[in-house]
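One letter stands for each residue in the lines below.
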Amino acid sequence: MFGGGLQDNGTNITPAGKPDDFVEITGGDGGWMLIDPQNSGHLYTTSQNMNVNRFRKADGWSDVSPPANKDEKGAVWMVFLEFDPNDSRTVFAGGLRVWRSNDDGNNWLEVSRVLDGSAISAVEIARANSKMVYVGTEKGGIYRSTDGGNAWSEDLASPVLPGFTITRILTSPINAEIVYVTVANFRASHVFRSKDGGATWTDIDRGQLPDVPHHAAAIPIAKPSAVYVCSDAGVHAARAGPYRLAWSANRR
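Residues numbered from 1 in each chain as written. Predicted model: local features only at pLDDT ≥ 70, side-chain atom pairs only at ≥ 80, totals over all residues. Heavy atoms only, no water.

J.: Explanation requested: the overall build of the chain in the structure shown.
T.: Helix and strand content of the chain: 1 helix and 22 strands. A compact globule built from 252 residues would reach a C-alpha radius of gyration of about 18 Å, and the chain, at 18 Å, matches this within 12%. Taking the principal axes of its C-alpha atoms as reference, the chain extends roughly 50 × 45 × 30 Å. Going through the 252 residues of the chain one by one, you find that 50% of them count as buried. Restricting the contact set of the chain to residue pairs at least 6 apart, pairs at least 24 apart contribute 37%. When the accessible surface of the chain is summed, it comes to about 11,700 Å², and 49% of that surface belongs to carbon and sulfur atoms. (Helix = DSSP H or I, 4+ residues; strand = E, 2+ residues; numbered from the N terminus. Rg over C-alpha atoms; globule rule 2.2 N^0.38 Å. Buried < 20%, exposed > 50% of the residue type's maximum accessible area, 1.4 Å probe, protein only. Contact = heavy atoms within 4.5 Å. Areas by Shrake-Rupley, 256 points an atom, 1.4 Å probe, with all protein chains shown as cover.)

J.: In this structure, what is going on with the sheet that holds strand 14 (residues 142-145)? I would like to understand it.
T.: The strands making up a sheet associate through backbone hydrogen bonding, with each pair oriented either parallel or antiparallel. On the basis of which strands lie adjacent, the open sheet formed by 3 strands has the order 12-13-14 and antiparallel pairing. Of all the strands in the sheet, just strand 12 (120-125) and strand 14 have a single pairing partner and so form its edges. Here the average twist between neighbouring strands, direction ignored, is 15°. Where strand 12 and strand 13 (residues 133-137) come together, 5 bridges link them in antiparallel fashion. Its bridge partner being in strand 13, Glu124 is matched across the sheet by Tyr134. (Pairing = 2+ DSSP bridges. Axes fitted to C-alpha atoms, helices over the stretch in contact; angles between N-to-C directions.)

J.: Whenever I open this one, the packing of aromatic side chains confuses me. Can you help?
T.: Any pair of aromatic rings gets described here by the distance separating the centres and the angle formed by the planes. Across all of its chains, the model carries 4 aromatic pairs by this definition. Summarising the aromatic geometry, the rings of Tyr44 and Phe83 are spaced 5.6 Å apart at their centres and angled 75° between planes, so their arrangement reads as edge-to-face. Note that Tyr44 is positioned in strand 5 (residues 42-47) and Phe83 in strand 8 (residues 80-84), a separation of 39 residues in sequence. Here Tyr44 matches Phe83 in class, with each residue buried. (Phe/Tyr/Trp six-rings, centres within 6.5 Å; stacked < 30°, edge-to-face > 60°.)

J.: Can you walk me through the environment of Asp21 in this structure?
T.: Mapping Asp21 onto the fold places it in the loop between strand 2 (11-14) and strand 3 (23-26). When the C-alpha atoms of Asp21 and Leu81 are compared, they prove to be 26 Å apart, with 60 residues separating the residues in sequence. The contacts of Asp21, once residues within four sequence positions are left out, are Ile13, Thr14, Pro15 and Ala16. A distance of 2.4 Å separates polar atoms of two side chains, one belonging to Asp21 and the other to Thr14. Within polar-contact distance, the side chain of Asp21 engages the backbone nitrogen of Ala16 at 3.4 Å. (Polar contact = N/O pair within 3.5 Å; in protein donor to acceptor, adjacent residues only side chain to side chain.)

J.: Hey, could you run me through the side chain of Thr26 in this one?
T.: By secondary structure assignment, the location of Thr26 is in strand 3. Given the relative accessible area of 12%, Thr26 is considered buried. In this structure Thr26 touches Gly10, Thr11, Thr45, Asn53 and Trp61, once residues within four positions along its chain are discounted.

J.: Could you clarify how one ought to interpret the pattern of salt bridges in this entry?
T.: In total, this model carries 6 salt bridges according to the counting rule given. Measuring nitrogen to oxygen at the nearest pair gives 2.7 Å for the salt bridge that ties Asp59 to Arg56. On the basis of relative accessibility, which here comes to 24%, the residue Arg56 falls in the partly exposed class. Here Asp87 and Arg89 are joined by a salt bridge, their closest N and O atoms 3.0 Å apart. By relative accessible area, Asp87 is classed as partly exposed at 23%. By relative accessible area, which is 52% here, Arg89 ends up exposed. What you see here is one network of salt bridges that share partners, running through Arg56, Asp59 and Asp104. (Salt bridge = Lys/Arg side-chain N within 4 Å of Asp/Glu carboxyl O.)

J.: What's the story with the sheet that holds strand 10 (residues 98-101) in this structure? I'm lost.
T.: One open sheet holds the 4 strands; their spatial order is 8-9-10-11, and the pairing between them is antiparallel. One side of each edge strand has no neighbouring strand; the edge strands of this open sheet are strand 8 and strand 11 (109-110). Relative to strand 10, strand 9 (residues 87-94) is paired through 4 bridges, and the arrangement is antiparallel. Bridging from a neighbouring strand, Val91 pairs with Ser101 of strand 10.

Structure follows, in structure tokens:
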């Protein structure tokens, strides 16, 4: 099963992975979607203004939206979510601040201040150490917690980054301090890496990738030295060499 948000057409899934069996499961402007990797009968969908819905096979659909105030809901079009990779009852959500639920969305705590005044646009909980949580913002900010979300750093984005929307944050499956970010917009590099938990950053695009918004990144667990990035122009892959990453041609 897989699926995702289709904005005006709600959130759709294909139960069997066939091109002709997509069905709408929630309405609104469909956005971010999470499927529990250990239980396909446990999933979340989101829509405009921080609306969050949860499905559990045992009790069906529930509205589990964080109790953000009217101003925060009005300022956040898309709420990004992430499961703790070690406990899917723990869920993080991004508004203007970070929200956390420890009981599968039934109750939420605001665990950060308002960060830089823009909406959170990426959330990552490190597989290698789920106490390490990273979020990015539409203004290009990057913030980190090292204790599971109780305390948060100041903005870790450096002048190396262009100050555009952070579209995805991804950590190495074997090292929570190796962090990749992808960036939107044009006339700038779009992929950056930190090897020290965000303290310093390196441009690993270096003009090799298309100058278009980049939206996603993936690292195979079986090959943690490989990185895939997805942009408006297609998919590129890189493998870490002795000195730097070398990007492949478009794999679209």
